[in-house]
Amino acid sequence: MYLFRRTTLSAAAVVAVLFSSVAVTPASAADSLLSQGKPVTTSSTEGSAFGGAKAVDGSGTTRWASAEGVDPQWLRIDLGTAATVRRIKLDWEAAYATKYRLEISDDGVSYTTVVAVDNGDGNTDDLTGFTARGRYLKFVGLTRGTPYGYSFWELQAFGSTDSSGDTQAPTVPAGLAAGTVTATTAALTWSASTDNVGVTGYDVLRNGSPVGTATTTSYQDGGLAPNTSYSYSVRARDAAGNTSAAGAAVTVKTKANQTTWPGDAAVTVADGTNVFGTNLSGLSFENPDVLWAARNGPGSLYRLTRSGSLWKPDSVGARSLNYKNGSGDPDAEGVVSTPDGLFVSTERDGDNSGSSLLKVLRYDPKSTAKTLNATAEWNLTSDLPSVGNNDGLEAISWVPDSFLAAQGFKDERTNAAYNPSSYANHGTGLYFVGLEGNGMVYAYALNQSGSTFTRVAAFAGGFSSIMDLEFEPATGLLWSTCDDTCNGRSATLSITGGKFIVVGTYDRPAQMPNLNNEGFAIAPQSTCTAGRKQVVWSDDGNTSSHALRAGTLPCA
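Brief notes about the sheet that holds strand β37 (residues 499-506)
1) Next: Pairing in this open sheet of 4 strands is antiparallel, and the strands run β34-β35-β36-β37 from one edge to the other. The two strands at the open ends of the sheet, each matched to only one other strand, are β34 (468-472) and β37. Averaged over all pairs of adjacent strands, the angle between their axes in this sheet comes to 30 degrees, without regard to strand direction.
2) Next: Note: strand β35 (residues 477-481) against strand β36 (residues 490-496), 4 bridges, orientation antiparallel. Bridge pairing in β36 places Thr-481 opposite Ser-490.

With respect to the pattern of salt bridges
1) Next: According to the stated counting rule, one finds 20 salt bridges in the structure shown.
2) Next: For Arg-87, the salt bridge is made with Asp-126, and the minimal N-O distance between the two is 2.9 Å. Residue Arg-87 is located in strand β5 (residues 73-92), and its partner Asp-126 is located in strand β8 (residues 125-144); the two are separated by 39 residues in the primary sequence.
3) Next: For Asp-126, a relative accessible area of 5% puts it in the buried group.

Overview of the sheet that holds strand β23 (residues 330-338)
1) Next: Ordered by their spatial adjacency, 4 strands build an open sheet running β23-β24-β25-β27, and the pairing between neighbours is antiparallel. If you trace the sheet from one side to the other, it starts and ends with β23 and β27 (376-379), each paired once. Each neighbouring strand pair of the sheet contributes to a mean axis angle of 20 degrees, computed without reference to strand direction.
2) Next: Summarising the sheet, strand β25 (residues 359-363) and β27 pair through 4 bridges and their orientation is antiparallel. Each residue of the ladder has a partner; that of Arg-362, found in β27, is Ala-376.

Remarks on the side chain of Asp-195
1) Next: Inspection of the secondary structure puts Asp-195 in the loop between β11 (186-189) and β12 (199-206).
2) Next: Within the local environment of Asp-195, its side chain forms a polar contact with the backbone nitrogen of Val-197, the two atoms lying 3.0 Å apart.
3) Next: Polar side-chain contacts of Asp-195 include one of 2.8 Å to the backbone nitrogen of Gly-198.
4) Next: The residues touching Asp-195, leaving out its near neighbours within four places in the chain, are Asp-166, Gln-168, Ala-169, Pro-170 and Asp-238.

Side note on unusual backbone geometry
1) Next: Look at the link from Asp-71 to Pro-72: it is a cis peptide, with omega at -10 degrees.
2) Next: Along the chain, Pro-72 falls in the loop between β4 (64-65) and β5.
3) Next: Here the amide bond leading from Gly-297 into Pro-298 is cis, since omega sits at 0 degrees, within 30 degrees of zero.
4) Next: Its location among the elements puts Pro-298 in the loop between β19 (290-295) and β20 (300-307).
5) Next: If you check the backbone angles, Asn-207 has positive phi at about 50 degrees while not being a glycine.
6) Next: Turning to its location among the elements, Asn-207 is positioned in the loop between β12 and β13 (209-214).
7) Next: Positive phi outside glycine occurs at Asn-415, with the angle close to 60 degrees.

Observations regarding the packing of aromatic side chains
1) Next: Tallying each qualifying case throughout the model produces 28 aromatic pairs.
2) Next: Ring geometry for Trp-261 versus Phe-520: centroids 6.4 Å apart, planes at 85 degrees, classification edge-to-face. Pair noted here: Trp-261 is in the loop between β16 (250-253) and β17 (268-269) and Phe-520 is in strand β38 (residues 517-522), with a separation of 259 residues, a long-range link.
3) Next: Judged by its relative accessible area of 6%, Trp-261 falls in the buried class.
4) Next: The class of Phe-520 is buried, set by a relative accessible area of 1%.
5) Next: A connected cluster of aromatic rings, assembled from ring pairs, spans Trp-64, Trp-92, Tyr-100, Phe-139, Tyr-150 and Phe-152.
6) Next: The ring of Trp-74 has Lys-138 sitting right over it, with the charged end atom 4.8 Å from the ring centre.
7) Next: The lysine or arginine in question, Lys-138, covers the ring of Tyr-111, its NZ or CZ lying 4.9 Å from the ring centre.

About the criteria used
- Residues numbered from 1 in each chain as written.
- Predicted model: local features only at pLDDT ≥ 70, side-chain atom pairs only at ≥ 80, totals over all residues.
- Heavy atoms only, no water.
- Pairing = 2+ DSSP bridges.
- Helix = DSSP H or I, 4+ residues; strand = E, 2+ residues; numbered from the N terminus.
- Axes fitted to C-alpha atoms, helices over the stretch in contact; angles between N-to-C directions.
- Salt bridge = Lys/Arg side-chain N within 4 Å of Asp/Glu carboxyl O.
- Buried < 20%, exposed > 50% of the residue type's maximum accessible area, 1.4 Å probe, protein only.
- Polar contact = N/O pair within 3.5 Å; in protein donor to acceptor, adjacent residues only side chain to side chain.
- Contact = heavy atoms within 4.5 Å.
- Phe/Tyr/Trp six-rings, centres within 6.5 Å; stacked < 30°, edge-to-face > 60°.
- Lys NZ or Arg CZ within 6 Å of the ring centre and 35° of its normal.

Structure representation (structure tokens):
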């Protein structure tokens, strides 16, 4: 089930449905037009000819227009009675919003966001795939797309009113208790409420404010601060919109953040003397005995094999990289080995190093040629924030579809659970890239048959800069690492409430100097010995004539 959007918003547009209901459902063919002719109030109008009532009069030639040059502005529709809204359509005039929210309220005072749109383009917005309950529907314009105001010919809300006559609220949830608590997450459980018709869901409140909904009697909250106390309570809802009082609160204190490196304190040199020189960057295991390394300046790939306790290049040595057309010098920063091929993230073209060029390139890992042309490439520059030519795609990782689907990873385009079948020809998983300039991680479905892509999610990686990303299948953790600017620290992220959030941060191993480590790779679980597996870092500075160092992590 998805949020369908009949519009031509750019790939950067983000549409989210937030806590407006207990379920995500498709619009029903039986839904009726709820908004037409209903009372409207507005924050302002451009003039008497552009009153709010014009937005719900059913005419495509009359419109509401707000005062010019002022943000924010709003328009509120009183649906007359509690209703379930499953579709909202906005037919924009030329004065459109690039960023706006649609909200709903039972009392016209406290509102919940139904849909948030970012980077709107002024086309007709037809939004479905949610269930929003309330009497008052509100448009809030946040950022104008023109110097004028906000204006649309018609705002239409479709759904159904409650005709059951049910006014009895569910019983108050009891037995709220905390389960597993980490430094940044808290698991909650409670006893089921009862209702004369049926309970449809629960609102979870943190410190008195709603933070999420659940259809079962459990919820995991995330994004919390370490060593901090929070008060939680839960209230129940039924299909008619009746809400119980909040149950007895429980106080939860998160754990102090563990900062000691979870593996051994010691590290060892893992390459020969001056094998690579400077500029070695991303790392990725293909299997227990093959480790890929990316080098920038010039853009190169190395296939490394074990030689005792060290890693050494295979007989091909450095494989020079080109773009798909056979030209250029891709600034290879990150690499990840996947079932779809070998993928490299880049910051710029070394032949034009003054400009940022944020591309992901695919190469054939089986090739033994000294020069490799990309077999596919995706230019993400226009979809990502503008950064300096040396602050681009430093990191890349891959997370399989099977894991994302099983963990309920949320597709931020639809605010529904990620469904791999929604993205044709995207391969076996999503590609997560880290932008050095802002520390954000962006998840993409890359069309393996072409150069198109779709951003599925974005989230903070835990530091102001990201040097590498590494998915650890055995634990389900996504590792984010930083270099000497962050004192060599690492963060782990886990899927909580459908999103990757930071659940731990760690110092570098105690015996490793503060190196300019730009690459990080974790050996497969099959290599575990005595409860430990190898991890490898790459030092861009080739400190003391060595670019690779190895340490350990627990296998559990």
